[in-house]
Amino acid sequence: MISIIVAVSEDWGIGKDNKLLWHISEDLKRFKRLTFGNTVIMGKRTWESLPRRPLPGRRNIVLTDDKTENIENAVTAYSIEDSLSKCEKNEEIFIMGGGSIYRQFMPFADRLYITHVHKKAPADIYFPEIDLKIWKITEKEVFKTDGEESIPYTYTIYEKKE
Ligand SMILES: NC(=O)c1ccc[n+]([C@@H]2O[C@H](COP(=O)([O-])OP(=O)(O)OC[C@H]3O[C@@H](n4cnc5c(N)ncnc54)[C@H](OP(=O)(O)O)[C@@H]3O)[C@@H](O)[C@H]2O)c1
């Protein structure tokens, strides 16, 4: 099972200057709950953007094209196929970004965990379009963050149609 997990703005932005576009602590806690004990796959720029690495309690696989690189405290992979060959059979694998990695994994994904953040935000990295001929929504839950900004967001799960 290959799952993509992402938070997107109203216009599908996901990051700017190698940072996230917001801080929604409930969403980050949910990300941890879902991914804990599993494998996460990410691109080198997302790895570099993490405040703490590796993500604890998860096998961290990091993609780089640089064959001479061996990333400390993570499993290094040099292609999409190589990253998948380093996963266990029958586990849920979480693709956690960034933009280039999401785009390349879309054809292989079975499930998308998308947090739709109901806010426009300037971005330089975007999530690829979701084709509703291929994907169907199976779950939707609407929330609002506490605190000053009070950003509304919706957890949406998409599954690939049969
Ligand atoms: N909103 C969200 O949920 C979310 C989640 C994650 C990330 N983000 C954001 O996304 C942005 C980063 O995304 P990005 O697209 O710039 O970078 P990225 O996808 O994280 O990393 C790109 C790098 O991954 C490596 N790579 C990509 N495809 C590869 C392949 N097929 N084989 C081997 N290596 C490969 C390359 O590393 P080398 O250059 O070393 O070869 C490439 O430069 C940041 O702003 C981050 O905050 C947002």
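Quick note: structure is the one above.
In what follows, the accompanying structure is described. (Residues numbered from 1 in each chain as written. Predicted model: local features only at pLDDT ≥ 70, side-chain atom pairs only at ≥ 80, totals over all residues. Heavy atoms only, no water.)

## Regarding the packing of aromatic side chains
Taken as a whole, this structure holds seven aromatic pairs when the rule is applied. Taking 5.4 Å as the distance between ring centres and 65° as the angle between the ring planes, the aromatic pair formed by Y153 and Y155 counts as edge-to-face. Taking relative accessible area as the criterion, Y153 reaches 2% and is therefore assigned buried. Of the aromatic side chains, those joined through ring pairs into one cluster are W12, Y102 and F127. Here R30 stacks its cationic end above the ring of Y155, 3.9 Å away from the centre of that ring. (Phe/Tyr/Trp six-rings, centres within 6.5 Å; stacked < 30°, edge-to-face > 60°. Buried < 20%, exposed > 50% of the residue type's maximum accessible area, 1.4 Å probe, protein only. Lys NZ or Arg CZ within 6 Å of the ring centre and 35° of its normal.)

## Re the pairing of strand β10 (residues 152–160)
For β10, a buried count of seven out of nine residues is recorded, marking the element as mostly surrounded by other parts of the structure. Of the strand pairs in this sheet, strand β7 (residues 111–117) and β10 are connected by seven bridges, and their pairing is antiparallel. When the bridges of β10 are listed, T115 appears paired with Y155. Relative to β10, strand β9 (residues 135–144) runs antiparallel, the two sharing nine bridges. Opposite F143, over in β10, you have Y153 as the bridge partner. (Helix = DSSP H or I, 4+ residues; strand = E, 2+ residues; numbered from the N terminus. Pairing = 2+ DSSP bridges.)

## Some details on the environment of I125
Looking at where I125 falls in the secondary structure, it is placed in strand β8 (residues 125–126). By relative accessible area, which is 29% here, I125 ends up partly exposed. Note: C-alpha distance between I125 and I14 (111 residues apart in sequence) is 5.7 Å. Other than its neighbours up to four places away in sequence, I125 contacts W12, G13, I14, G15 and G99. (Contact = heavy atoms within 4.5 Å.)

## Digging into helix α1 (residues 25–35)
What α1 keeps buried is the set D27, R30, F31 and T35. For α1, the angular spread of buried residues about the axis comes to 120°, placing them on one side. At its buried positions, α1 is contacted by β1 (2–8), β3 (39–43), β6 (93–95), β7 and β10. (Arc of directions from axis to C-beta.)

## Section: the site of the ligand
Around the ligand lies a shell of 28 residues, among which R45, T46, T64, D65 and Q104 are the nearest. Between a nitrogen atom of the ligand and a main-chain N or O atom of I14, the distance comes to 3.1 Å. With respect to the ligand, the backbone of K19 contributes an N or O atom lying 3.2 Å from an oxygen atom. Taken by itself the ligand offers 930 Å² of open surface, and the protein chains cover 84% of this. (Near = heavy atom within 4 Å. Polar contact = N/O pair within 3.5 Å; in protein donor to acceptor, adjacent residues only side chain to side chain. Areas by Shrake-Rupley, 256 points an atom, 1.4 Å probe, with all protein chains shown as cover.)

## Things to note about the layout of surface pockets
In this structure, the largest pocket occupies an estimated 1,400 Å³ of space. Surrounding the largest pocket, 49 residues form its lining, L20, T46, S49, L50 and M96 being those nearest its centre. Those elements giving two or more residues to the lining of the largest pocket turn out to be β1, β2 (13–15), α1, α2 (44–49), α4 (99–105) and β7. Residue contributions to the lining of the largest pocket peak at seven residues, all from α1. By residue class, the composition of the lining of the largest pocket is 22 nonpolar, 14 polar and 13 charged. (1 Å grid on protein atoms, 1.4 Å probe; cavity = no way out; pocket = protein on both sides within 12 Å on 5 of 7 lines; lining within 4 Å. Points joined across faces, edges and corners; volume = space filled by probe spheres on them. Nonpolar A, V, L, I, M, F, W, Y, C, P; charged D, E, K, R; others polar.)

In short, geometric facts, not functional conclusions.
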